[in-house]
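As a plain string of letters, each chain reads:
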Amino acid sequence: MGKAITVRGKSVEQAVETALNILCLDLSDVHIHVNRTADSSESNGAGRFAEVTVTPVRYHALTSDFPADGSGQAGIRIRGGQVEVRETSATSLPSIEAGNGVIIIVNGEKIEGRKQVSESDIVHIRTLDELTRAQLSITVRDQGALALLTVVPGKKITRTVRDTEYDYNLTAETDDVHEVVNDLSQRMIRDACDQLGISAPLDKRVLWEACETVVPYEAIVARGIFPKPGLDGDVEVQIDVEGITLADEGKVNYRKQASMQLVQHGQLVAAVLPPIPGQSGEDVFGNEIRAEDGQTAAIRLGKNVTQTGNHIFANCSGNLVLERMDHMILIDIADSLEMDEVDFASGNIHFDGDVTVKGSVSHGSILDVTGTIEIGGEISKAELYAGKTVHVAGHVSSSTIEVGQQQSPDAKYATELEGLLPTLCKLGSFIQDIGAFRKVELSSLDGQEMKRLFRIGFGDAYPSFQEQLQTFSQRREPIATDTDWYELQTTLYNIFVNTLNSGVKDGREFLDLISKAQQLAARHLPKTTLTSERLRLPYAVNSTLKCAGTIEITGSGLAQCNVHAQLDLLVEGVCRGGELVADQYVSIRECGSKRGGQTIVRTREEGSIVIGIAHAGTVLVVGEQSYHLLETQLGVSAKLHKGVLTVR
């Protein structure tokens, strides 16, 4: 065996041909080992050359007089890497074909496909080993703060020709030995990082593991400095509840506290914390990564609080309410009231806050609050109105309960004003058109002249608008928080109702009035949001129940009640008689009576009804479509499917 040489070429064939020319040998005189195949998918865009190692070998021509094995078989076989041929006749010769990774040389020429051979032919078999180099790639991510190294090890395939028995159509196959090869070096990885311009220090542990791995490997090889975003401004509470310093507890929703401690009038309740700017980072290339600065806290001061500088004080005694919603911090001092009974002795209760009644509400009493009502006893012949939630421990009879239906005094003004604004805006456009038509300034249109123009513009509809505006002007809400309502009511009344007062001096002042009215309405109009109001009680008879959220009946059920929930109605007991309405979902364990009698269950078009046991006489209404049950059914559900009421 001679000295081997290693040659590169654009392909394996080109490299082999170059080596044979250098050695002045034929293909049958050498052993070929493929170190690397050609590849044009390098990350830097350049192609990779094929590489082969060619070793001269010495062969003896094969003769046809192989020692007989006594088998008497004819054909062609492979033994120890050599080909043996036995003929039976000159007209019927065996054939041979190269399998994967095999080169067959017949009389010094490489064959393609299948070829017949005779005993006089010189047949050599060569195997082609394969070597695939390890691959690496580097990906920069997270604003350039991380460099991810990915390594896929290569492989080496060593082939040995497989021995066969005599066969007339022989395919030369190999036995392959696969080995994992990782020929990466730390220098190769460092060079790849340098080509990308990465200047951050490389992780030595990752470099070592990447060069030693025999399985696919992925790790962060270089890290920059992540930016640190600033902190938004906040509010730090300055009072104690049951001896605990709430400022140390961070963000607290005091509505969820089981016990609340009243603050005193003039007491410091919270401090405003300024925002903290962010700290910039640096990517793996050495460039700056800018950080976002903290934002100033958006603080909305509610009732009974005032702010001086960065400090917030209580204007009355009550409970501190701190709520976070839609990037806004609301601070409020909510009053609360606790009573033993509500009856003739206590009188009707109208309260801006939460009320807890340990006992019962009875004798035609009215309990009207803007917050939550907790009733420990029963409700009999009474009226309850709550802004948020009502929980009743006892039964309800011959009473009315409404939750989330009423509005704050300012919201009532704003809702009524919203109905007047479209007409007022049209009047403003009408005055502007008059000024443009006359080519005069609006300040030249005095108030009395505008009053005449309004009457002409309205025509027969003017008395109707006067009546609508007079209703708004006569509204009196004694606990409204905004004092601008009275001024607006008086001005509008003078313009459109009072014939002795013009209300405004000229057209410019009238447009300013419309603008102020729009701002006032926008400031106090209630926002339409998903409500969480809930009315919960065990049993009610001959009563009216209304809730802007969910009504939950936890006990025996309902008898002859009119119920309307704007979200869901959930009844664990039996409902007999009356009308039960929920806009989204109705769930009732048992509805109707075996003795008959009508019970109406209603929901909107997009809603659904589910009843465990529905007796005859139950009427299911979804949107405008209804279904009358003529017999008792189990597991009834009703909803609209493609506009058609489906009852199952």
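Description of the structure in this document. (Residues numbered from 1 in each chain as written. Predicted model: local features only at pLDDT ≥ 70, side-chain atom pairs only at ≥ 80, totals over all residues. Heavy atoms only, no water.)

**Some remarks on the pattern of salt bridges**
Then comes step 1: A full pass over the atoms with the stated rule returns 20 salt bridges.
Then comes step 2: As a salt-bridge pair, E165 and R79 come within 2.9 Å of each other at their nearest N and O atoms. Note that E165 is positioned in the loop between strand 14 (154-161) and strand 15 (169-172) and R79 in strand 4 (residues 75-79), a separation of 86 residues in sequence.
Then comes step 3: The salt bridge partner of R604 is E606, with a shortest N-O separation of 3.7 Å. (Salt bridge = Lys/Arg side-chain N within 4 Å of Asp/Glu carboxyl O. Helix = DSSP H or I, 4+ residues; strand = E, 2+ residues; numbered from the N terminus.)

**A word on unusual backbone geometry**
Then comes step 1: Although it is not a glycine, N107 sits at a positive phi angle of roughly 55°.
Then comes step 2: Looking at the secondary structure, you find N107 in the loop between strand 7 (102-106) and strand 8 (109-110).
Then comes step 3: Note on N107: relative accessible area 44%, which makes it partly exposed.
Then comes step 4: The backbone of H363 shows a phi angle near 60°, a positive value even though the residue is not glycine. (Buried < 20%, exposed > 50% of the residue type's maximum accessible area, 1.4 Å probe, protein only.)

**Section: the nonpolar core**
Then comes step 1: Counting residues in hydrophobic clusters, the biggest one holds 49 residues, and the most contacted among them are L367, L384, I401, L545 and L558.
Then comes step 2: Here this core gets six residues from one element, more than from any other, and that element is strand 41 (residues 550-565).
Then comes step 3: Ignoring any residue separated from it by four or fewer positions in sequence, one finds I401 in contact with I379, L384, V390, V396, L535, L537, T544, L545 and K546.
Then comes step 4: If you look at the next biggest cluster of nonpolar residues, it comprises 33 residues, including L442, M450, L492 and I514. (Core = buried A, V, L, I, M, F, W, Y, C linked by side-chain atoms within 4.5 Å. Contact = heavy atoms within 4.5 Å.)

**A few points about the side chain of R36**
Then comes step 1: Among the structural elements, R36 can be located in strand 2 (residues 30-36).
Then comes step 2: For R36, which is buried and forms no salt bridge, the nearest opposite charge comes from E51, at a distance of 4.2 Å.
Then comes step 3: Only 3.0 Å separates the side chain of R36 from the backbone oxygen of F49, close enough to count as a polar contact.
Then comes step 4: Residues in contact with R36, not counting those within four places in the same chain, are R8, R48, F49, A50, E51, L131 and R133. (Lys, Arg positive; Asp, Glu negative; His and termini not counted. Polar contact = N/O pair within 3.5 Å; in protein donor to acceptor, adjacent residues only side chain to side chain.)

**Quick word on helix 2 (residues 186-196)**
Then comes step 1: The set of residues buried in helix 2 consists of I189, A192 and C193. Each buried residue of helix 2 sits inside an arc of 100° when the element is viewed along its axis, so together they form one side. Opposite its buried face, helix 2 presents the exposed residues R187, D194 and Q195, each directed more than 90 degrees away.
Then comes step 2: Considering only its buried residues, helix 2 is in contact with strand 12 (135-141), strand 13 (146-152) and helix 3 (204-212).
Then comes step 3: G197, located one to two residues past helix 2, shows a positive phi value of around 90°. (Arc of directions from axis to C-beta.)

**Observations regarding the packing of aromatic side chains**
Then comes step 1: Inspection of the entire model under this criterion finds seven aromatic pairs.
Then comes step 2: Residues Y413 and W485 carry aromatic rings whose centres are separated by 4.9 Å and whose planes lie at 15° to one another, so their mutual orientation is stacked. Remark: W485 occurs in helix 7 (residues 484-496) and Y413 occurs in helix 4 (residues 409-438); sequence separation between them is 72 residues.
Then comes step 3: Its relative accessible area of 4% is what places Y413 among the buried residues.
Then comes step 4: On the accessibility criterion, W485 (1% relative accessible area) is buried.
Then comes step 5: Judged by centre distance (5.2 Å) and plane angle (45°), the ring pair of F454 and F510 falls under tilted. Here F454, found in helix 5 (residues 447-458), pairs with F510, found in helix 8 (residues 507-524); they are 56 residues apart in sequence, far enough to count as distant.
Then comes step 6: Since its relative accessible area comes to 1%, F454 is described here as buried. (Phe/Tyr/Trp six-rings, centres within 6.5 Å; stacked < 30°, edge-to-face > 60°.)

**As for a nonpolar patch on the surface**
Then comes step 1: On the surface, V140, L196 and F285 cluster together into a nonpolar patch covering about 220 Å² of accessible area.
Then comes step 2: You can see V140 is positioned in strand 12.
Then comes step 3: With relative accessibility at 32%, the residue V140 sits in the partly exposed group. (Patch = residues over 30% accessible without salt bridge, like charges linked within 9 Å, V, L, I, M, F, W, Y side chains within 5 Å. Areas by Shrake-Rupley, 256 points an atom, 1.4 Å probe, with all protein chains shown as cover.)

**Some details on the packing of helix 7 against helix 8**
Then comes step 1: At their nearest, the axes of helix 7 and helix 8 sit 11 Å apart, and the two run at 140° to each other. Taken as axis vectors, helix 7 and helix 8 run oblique relative to one another. The way helix 7 lies across helix 8 gives a crossing that is left-handed. Mapping the contact onto sequence places D484, W485, L488, T491, L492, I495 and F496 in helix 7 and F510, L513, A517, L520, R523 and H524 in helix 8. (Axes fitted to C-alpha atoms, helices over the stretch in contact; angles between N-to-C directions. Parallel < 35°, antiparallel > 145°, perpendicular 65-115°, else oblique. Left-handed = near helix turned anticlockwise from the far one by under 90°.)

**So, helix 6 (residues 462-473)**
Then comes step 1: Its twelve residues give helix 6 an end-to-end C-alpha distance of 16 Å, which sits within 8% of 16 Å, the value for a rise of 1.5 Å per residue.
Then comes step 2: Along helix 6, the residues that are buried comprise Y462, F465, Q466, L469, F472 and S473. The buried residues of helix 6 occupy an angular sector of 120° when the element is viewed end-on, so they sit on one face. With respect to the buried face of helix 6, the exposed residues turned more than 90 degrees away are S464 and E467. (Expected span 1.5 Å × (residues − 1).)

**A closer look at the environment of R86**
Then comes step 1: Mapped onto the secondary structure, R86 falls in strand 5 (residues 82-86).
Then comes step 2: The class of R86 is buried, set by a relative accessible area of 15%.
Then comes step 3: Distance from R86 to S120, taken between C-alpha atoms, is 9.8 Å for residues 34 residues apart in sequence.
Then comes step 4: Only 3.1 Å separates the side chain of R86 from the side chain of Y166, close enough to count as a polar contact.

**A few points about the side chain of D129**
Then comes step 1: Structurally, the position occupied by D129 is in the loop between strand 10 (123-127) and strand 11 (130-132).
Then comes step 2: The side chain of D129 is buried and forms no salt bridge, while R159, the nearest opposite charge, is found at 5.6 Å.
Then comes step 3: Side chain to side chain, D129 and H33 meet in a polar contact 2.9 Å long.
Then comes step 4: Beyond its immediate sequence surroundings of up to four residues, D129 is in contact with H33, V34, I157, T158 and R159.

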